[in-house]
Amino acid sequence: DWYSLLQTILTSAFDTTWDLITPENIAQAIGALAAFSAVVISLAHIVRHWKYNRSKLRKSTVRLLFVVPIFAIDCWACLMLEASAFNWAELLTCLREVYEAVALVSFMELVLTILGG
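Residues numbered from 1 in each chain as written. Predicted model: local features only at pLDDT ≥ 70, side-chain atom pairs only at ≥ 80, totals over all residues. Heavy atoms only, no water.

Caption draft 1: Up close: the overall build of the protein. Check the secondary structure of the protein and you find five helices and zero strands. Walking the protein from its N terminus toward its C terminus, one meets helices and strands in the order α-α-α-α-α. Its C-alpha radius of gyration of 20 Å places the protein more than 25% over the 13 Å reference for a compact globule of 117 residues. Projected onto the principal axes, the alpha-carbon positions of the protein cover approximately 65 × 35 × 20 Å. In the protein, which comprises 117 residues, the proportion classed as buried is 21%. Contacts in the protein between residues at least 24 apart in sequence constitute 53% of all its contacts with a sequence separation of at least 6. (Helix = DSSP H or I, 4+ residues; strand = E, 2+ residues; numbered from the N terminus. Rg over C-alpha atoms; globule rule 2.2 N^0.38 Å. Buried < 20%, exposed > 50% of the residue type's maximum accessible area, 1.4 Å probe, protein only. Contact = heavy atoms within 4.5 Å.)

Caption draft 2: Quick look at the packing of helix α2 (residues 23-52) against helix α3 (residues 58-65). Here α2 crosses α3 at 180 degrees, and the two axes come no closer than 10 Å. Taken together, α2 and α3 sit at an angle that is classed as roughly antiparallel. The segment α2 lies against α3, with H45, I46, H49 and W50 engaging R58, K59, T61, V62 and L65. (Axes fitted to C-alpha atoms, helices over the stretch in contact; angles between N-to-C directions. Parallel < 35°, antiparallel > 145°, perpendicular 65-115°, else oblique.)

Caption draft 3: Looking closely at the pattern of salt bridges. Scanning all chains against the criterion turns up three salt bridges. The salt bridge partner of R96 is D74, with a shortest N-O separation of 3.0 Å. Of this pair, R96 sits in helix α5 (residues 88-115) while D74 sits in helix α4 (residues 67-80), placing them 22 residues apart in sequence. Note that E97 is salt-bridged to R96, the shortest N-O span being 3.0 Å. The class for E97 is partly exposed, based on a relative accessible area of 39%. (Salt bridge = Lys/Arg side-chain N within 4 Å of Asp/Glu carboxyl O.)

Caption draft 4: Geometry of the packing of α2 against α4. Two elements in contact, α2 and α4, have axes separated by 8 Å at closest approach and are oriented at 165 degrees. In terms of orientation, α2 and α4 fall into the roughly antiparallel class. Of the two elements, α2 crosses α4, and the hand of that crossing is left-handed. Taken together, the residues of α4 that come into contact with α2 (itself represented by A27, Q28, G31, A32, A35, A38, V39, S42, L43 and I46) are V68, P69, A72, I73, W76, L79 and M80. (Left-handed = near helix turned anticlockwise from the far one by under 90°.)

Caption draft 5: Expanded view of the side chain of D74. Accessibility expressed as a relative area gives 6% for D74, which makes it buried. Polar side-chain contacts of D74 include one of 3.0 Å to the side chain of R96. (Polar contact = N/O pair within 3.5 Å; in protein donor to acceptor, adjacent residues only side chain to side chain.)

Caption draft 6: Highlighting the side chain of R96. Of the residues examined, R96 reaches a relative accessible area of 17% and is grouped as buried. Beyond its immediate sequence surroundings of up to four residues, R96 is in contact with F71, D74 and C75.

Caption draft 7: Quick look at the packing of aromatic side chains. Taken as a whole and judged by the stated rule, the model has zero aromatic pairs. Here R96 stacks its cationic end above the ring of F71, 5.1 Å away from the centre of that ring. (Phe/Tyr/Trp six-rings, centres within 6.5 Å; stacked < 30°, edge-to-face > 60°. Lys NZ or Arg CZ within 6 Å of the ring centre and 35° of its normal.)

This is the structure in structure tokens:
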């Protein structure tokens, strides 16, 4: 099966024991790569938008664009801290929910500004 094949390849390639490479660690590594790429791409987009957009929509649009890095970091951190004894994942999820409310208000501000209100 694919799991034993992956085990053989990684054990021989990195000269490590298989005990360190678990499906959870692989998921965490993939999550870290996805979150890192989302944050980098989003921050580049946010910087360009902040630099070149001179309209009234700039602030609300940038607030909406910050949803991606905040959610990506939160999801990866929750994946890393799901077995934590201090329930950090719940605290981070609450903070993410607060920013989601900020994003909803920014979206309403954006729509009202576009409609001329």
